[in-house]
Amino acid sequence: ATKPKKDSHTWRGKKVEIMIDLPASRIHTIENFVSAEECAAVEAYAAPRLKLTSIADGRGGRKFTDSRKAKQSNVKVNWK
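Residues numbered from 1 in each chain as written. Predicted model: local features only at pLDDT ≥ 70, side-chain atom pairs only at ≥ 80, totals over all residues. Heavy atoms only, no water.

A.B. asks: So what exactly am I meant to see when it comes to the pattern of salt bridges here?
C.D. replies: Any two side chains of opposite charge can pair, given that their charged atoms come close. Under the counting rule described, the total for this entry stands at three salt bridges. In this structure, the salt-bridge partner of K15 is E17, at a minimum N-O distance of 3.4 Å. The class for K15 is partly exposed, based on a relative accessible area of 35%. For D57, the salt bridge is made with R59, and the minimal N-O distance between the two is 3.6 Å. On the basis of relative accessible area, R59 is assigned to the exposed category, the value being 72%. (Salt bridge = Lys/Arg side-chain N within 4 Å of Asp/Glu carboxyl O. Buried < 20%, exposed > 50% of the residue type's maximum accessible area, 1.4 Å probe, protein only.)

Shown next as structure tokens:
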């Protein structure tokens, strides 16, 4: 079951709902964060740069595993 939201506020004119706000995990949602066109542009930019995601190896390093299927890409955003 989903817990009810804890709080909400406005950030840069957008409504932000705080679902979980713990020191080790935070889930905040931002209403209408990007348009469909902006989302498509980020997807198009990131797609050729996707790499397998590594996980912690338990010894302070990183490793890849066959069970982890997620991919990631770094995308820099100019917020100004």
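A.B. asks: Explain the pairing of strand β3 (residues 26-30) here, please?
C.D. replies: Remember that side chains alternate between the two faces of the sheet whenever the strand is regular. Taken together, the five bridges between strand β2 (residues 14-21) and β3 define a ladder with antiparallel strand orientation. Looking at β3, one finds that I20 is bridged to I27. Counting the residues in the hairpin turn of β2 and β3 gives four residues. (Pairing = 2+ DSSP bridges. Helix = DSSP H or I, 4+ residues; strand = E, 2+ residues; numbered from the N terminus.)

A.B. asks: It is not clear to me how the packing of aromatic side chains should be interpreted in this structure. Could you clarify?
C.D. replies: Aromatic ring pairs are described here by two measures, namely the spacing of the ring centres and the angle between the planes. Counted under the stated rule, the structure contains one aromatic pair. Between the aromatic rings of W11 and F33, the centroid separation amounts to 6.4 Å while the plane-to-plane angle is 20 degrees, which identifies the pairing as stacked. Separated by 22 residues along the polypeptide, W11 in strand β1 (residues 7-11) and F33 in the loop between β3 and α1 (36-46) bring together distant segments of the chain. For F33, a relative accessible area of 37% gives the class partly exposed. The lysine or arginine in question, R49, covers the ring of Y45, its NZ or CZ lying 3.8 Å from the ring centre. (Phe/Tyr/Trp six-rings, centres within 6.5 Å; stacked < 30°, edge-to-face > 60°. Lys NZ or Arg CZ within 6 Å of the ring centre and 35° of its normal.)

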